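Take a look at the letters that make up each chain.
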Amino acid sequence: DSTARSVDSYLAGNSGSLMIVAAGNDGKSGPNSMNSPGLAKNVLSVGASYTSLTSFKDYDQVAEFSSEGPTPDGRIAPLVVAP
């Protein structure tokens, strides 16, 4: 994906940088629903979760709308999940 390659190229030239990106909102599509720029290898991708304060659902679970991995090349994603 060209966006992921562009992000990785930028970060390779800026080693002191960390790019934090949203995992996306395509989780209802199921596994492998991550999109760019969350597919980039050098980013910190963040997914969404529920807490007992935000939902009547079971808390401490990944939100069903949050995109999930693995990435097309098999990496775990998102790397962090937080409410």
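Structure first, text after, so check above.
Right, let's walk through the structure included here.

Parameters and conventions
- Per chain, the residues get numbers from 1 upward, laid out in the order the sequence is written.
- For this predicted model, a pLDDT threshold of at least 70 governs which residues receive local features, and a threshold of 80 or more governs which side-chain atom pairs are given and counted, while totals over whole chains, interfaces and linings are taken from all residues.
- Hydrogens and water are ignored here; the side-chain numbers use all heavy atoms of the structure.
- Between Lys or Arg on one side and Asp or Glu on the other, a salt bridge is scored when a side-chain nitrogen of the former is within 4 Å of a carboxyl oxygen of the latter.
- A run of DSSP states H or I qualifies as a helix once it reaches four residues; a run of E qualifies as a strand once it reaches two. Both are numbered from the N-terminal end.
- Only protein chains enter the calculation, and the probe is 1.4 Å; a residue is then buried if its accessible area is under 20% of its type maximum, exposed if over 50%, and partly exposed in between.
- Should any heavy atoms of two residues lie within 4.5 Å, those residues are considered in contact.
- Residue types Ala, Val, Leu, Ile, Met, Phe, Trp, Tyr and Cys, when buried and joined through side-chain atoms within 4.5 Å, form a set referred to as a nonpolar core.

1. Examining the pattern of salt bridges
Any two side chains of opposite charge can pair if their charged atoms end up close together. If you walk through the whole model with that rule in mind, you get 2 salt bridges. Taking the shortest distance from any N to any O, the salt bridge between K41 and D73 comes out at 3.9 Å. Of this pair, K41 sits in the loop between β1 (19-22) and β2 (43-50) while D73 sits in the loop between β3 (61-62) and β4 (80-82), placing them 32 residues apart in sequence. Given the relative accessible area of 55%, K41 is considered exposed. Notably, a salt bridge pairs R75 with D73, separated by 3.0 Å at the nearest N-O pair.

2. Let's talk about the side chain of S45
Tracing the backbone shows S45 in strand β2. On the accessibility criterion, S45 (2% relative accessible area) is buried. The residues touching S45, leaving out its near neighbours within four places in the chain, are V21, M34, G38, A77, P78, L79 and V80.

3. Side note on the nonpolar core
Ranked by size, the top nonpolar core spans 10 residues in total: A4, V7, L11, V21, A23, M34, L39, A40, V43 and A77. The element that contributes the greatest number of residues to this core is helix α1 (residues 2-12), accounting for 3 residues. Those residues in contact with L39 that lie beyond four places of it in its chain are A4, M34, T71, P72 and R75.

4. Examining the environment of K28
Of note, K28 is situated in the loop between β1 and β2. Along the sequence, K28 and S66 sit 38 residues apart, while their C-alpha atoms lie 7.7 Å from each other.

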